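Observations on the model geometry
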Amino acid sequence: SSFVFCAMRLRLAGAVLLAAAAYYVYLPLPSGVSEPWKLMLLDALFRSFIDAAHTLGVCHRVHLLNRVVSWVEVIEARSSPTVNVTDSTLGGVPTRVFQPNGESRLRRGVIYFHGGGWALAKMRSYDLLCRKMAEDLDAVIMSVDYRLAPEAVFPDQYHDAVAASRVFLSAELLQQYGIDPERLCVSGDSAGGNLAAAVALGQESSSKLVHLILSLQLSLDNSLQVKFKAQALIYPVLQALDFHTPSYQQNQAVPILYRPYMARFWLQYLGADSSLEPVLLVNNHSALDERAISAATRSNLNWTALLPAERKKNFKPVVKEKGSPGVVGAVPGLIDVRAAPLLAEQEVLGKTPRAYVMTCEFDVLRDDGLMYGRRLRDAGVEVTSDHYEDGFHGCMVFANLPMMSSVGQRSMRNYIRWLDQNL
């Protein structure tokens, strides 16, 4: 009868919706990626917000994502029996401080810069990470909320990182929080790893040439007698001249950081016109007719010489004879080492602290980290390379519920273990 007919229609409609949802969520992923369905669901959620912002035209896609984060994430400071959590500032930059409770003694200290393409707000997962670091390391962790794109563009985020780090290294702050000046680390993931690497470069660069060219103000503060003992970089983004490294080619369509997304994040960070995205994606901005890029700069990211054979595989470099000259002149941040630390000269790299560099196989940024680790090692820096064959970009911040990925948990444990052994 009509009731049965209506029930059949509802079932059919439900099946169609389920099929549509499955079609939207499903992606063909590499066989080696950890827990592919979790990654698919995460990616579908991420894409849905970006698509909604684009379709509805309600606001900038970054603004929509940040609004969602503020709606669903716990953002206020919450202390626990083991860790006191407070909101403060470092050099005028909002910072959340995680300080272990218990007997007073000198503790290790870590300043941390979160990821998110220099644009996305800090998620609750970063609070969970910093709380765990404070507990497991018995360390004071300071998580910096630097300014975000599109309202703030390079070098604003870098300046915030330097300002916060300068205060973090000051005798007054170390005494206030009971931090051991001999056991300090600068760390961050993704875009935050970029800022951490830039800060580490800045604290050790003292030549007049570096001062004049790079304006690395942290290095020029003679009042700073304290230096970082270590830098810990989690799948860092370190260059924007080559979007055809083997990892960019291999993982261009692997979530959650697709190659076009990374190009957009870079353009937004550098305050550049978004219409340049197609130019970057085919490496026209770094063609050989772009005279602003020196031979020395090109050699600093020559993956054919810097990557091991198992990462190069059968991929071929994409170097255009003729491209779009003038892009670097219009977007000088592309060759500024404060934005792209991989381009730093060898003597500058050689003065940075011991390093931990995490990379993931299924990440477009894999080769940025691998090349940086190789260049640091060649410059005489002690480097620990921690590579995850089943890892994907952002995996470490998904070590907790509701995602709770196994590679995320493994990578977080190993990261904290390295800090414990090297601070």
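In this report, the structure presented in the accompanying data block is examined.

Definitions and limits used
- Residues numbered from 1 in each chain as written.
- Predicted model: local features only at pLDDT ≥ 70, side-chain atom pairs only at ≥ 80, totals over all residues.
- Heavy atoms only, no water.
- Phe/Tyr/Trp six-rings, centres within 6.5 Å; stacked < 30°, edge-to-face > 60°.
- Helix = DSSP H or I, 4+ residues; strand = E, 2+ residues; numbered from the N terminus.
- Buried < 20%, exposed > 50% of the residue type's maximum accessible area, 1.4 Å probe, protein only.
- Salt bridge = Lys/Arg side-chain N within 4 Å of Asp/Glu carboxyl O.
- Polar contact = N/O pair within 3.5 Å; in protein donor to acceptor, adjacent residues only side chain to side chain.
- Contact = heavy atoms within 4.5 Å.
- Lys, Arg positive; Asp, Glu negative; His and termini not counted.
- Pairing = 2+ DSSP bridges.
- Expected span 1.5 Å × (residues − 1).
- Axes fitted to C-alpha atoms, helices over the stretch in contact; angles between N-to-C directions.

We now examine the packing of aromatic side chains. This model, assessed by the stated rule, comprises ten aromatic pairs. Summarising the aromatic geometry, the rings of tyrosine 112 and tyrosine 126 are spaced 6.3 Å apart at their centres and angled 45 degrees between planes, so their arrangement reads as tilted. Here tyrosine 126 lies in helix α4 (residues 124–137) and tyrosine 112 lies in strand β3 (residues 107–113), a separation of 14 residues in the sequence. Assigned by exposure class, tyrosine 112 and tyrosine 126 land together as buried. Following the ring pairs from residue to residue traces out a cluster consisting of Trp118, Phe154, Trp266 and Tyr269.

Take the pattern of salt bridges next. All chains considered together, the criterion is met by 20 salt bridges. Glutamate 76 is the partner of arginine 78 in a salt bridge, and the nearest nitrogen-oxygen pair spans 2.8 Å. In the salt-bridge network here, residues are joined through shared partners; they are Arg311, Lys313, Glu361, Arg366, Asp367 and Glu389.

Turning our eyes to something else, we now look at the side chain of histidine 393. Looking at where histidine 393 falls in the secondary structure, it is placed in the loop between β8 (383–392) and α18 (406–422). One polar contact links histidine 393 to aspartate 363, side chain to side chain, over a distance of 3.0 Å. With residues near it in sequence (within four places) discarded, histidine 393 still touches Ser190, Tyr235, Ile256, Leu257, Phe362, Asp363 and Leu365.

Let us look at the side chain of aspartate 368. With respect to the element layout, aspartate 368 can be found in helix α17 (residues 366–378). No salt bridge is formed by the buried aspartate 368; its nearest oppositely charged neighbour, arginine 366, is found at 9.1 Å. Within the structure, aspartate 368 has its side chain in polar contact with the backbone nitrogen of leucine 238 (distance 2.9 Å).

With that out of the way, let us pick up unusual backbone geometry. Along the chain, phenylalanine 154 connects to proline 155 via a cis peptide bond; the corresponding omega equals 10 degrees. With respect to the element layout, proline 155 can be found in the loop between β4 (139–144) and α5 (156–168). The omega torsion of the bond from proline 255 to isoleucine 256 falls at 0 degrees, within 30 degrees of zero and hence cis. Tracing the sequence through the fold places isoleucine 256 in the loop between α9 (246–250) and α10 (259–269).

Our next topic: the pairing of strand β5 (residues 179–189). Of all the eleven residues making up β5, eight are buried; the element is thus mostly covered by neighbouring parts of the structure. Where β3 and β5 come together, six bridges link them in parallel fashion. Bridge pairing in β5 places phenylalanine 113 opposite glycine 188.

Right, let's get into α5. Structural remark: α-helix, 3.6 residues per turn; residues separated by three or four positions point the same way. For α5, which comprises 13 residues, the first-to-last C-alpha distance of 18 Å matches the rise-based estimate of 18 Å (1.5 Å per residue) to within 8%. By the burial criterion, the buried members of α5 are Gln157, Tyr158, Asp160, Ala161, Val162, Ala163, Ala164, Ser165 and Phe168.

Let's shift gears to α4. When the terminal C-alpha atoms of α4 are compared, their 20 Å separation across 14 residues agrees well with the 20 Å that a helix rising 1.5 Å per residue should span. Among all positions in α4, only Ser125, Tyr126, Asp127, Leu129, Cys130, Arg131, Met133, Ala134 and Leu137 are buried. Taken together, the buried residues of α4 touch β1 (83–90), β2 (93–100), β3, β4, β5 and α18. One or two residues past the end of α4 sits aspartate 138, with phi positive at roughly 50 degrees.

One key point about sheets: their strands pair by backbone hydrogen bonds, in either a parallel or an antiparallel sense. The mixed open sheet is built from eight strands, whose spatial order is β1-β2-β4-β3-β5-β6-β7-β8. The strands lining the two open edges of the sheet, one partner per strand, are β1 and β8. Going across the sheet, the axis of each strand differs from the next one's by a mean of 20 degrees, ignoring polarity. Relative to β8, strand β7 (residues 354–362) is paired through seven bridges, and the arrangement is parallel. In the strand pairing of β8, alanine 355 is matched with valine 383. Sheet strands in contact with α17 are β6 (230–234), β7 and β8, and its direction is about 150 degrees off that of β7.

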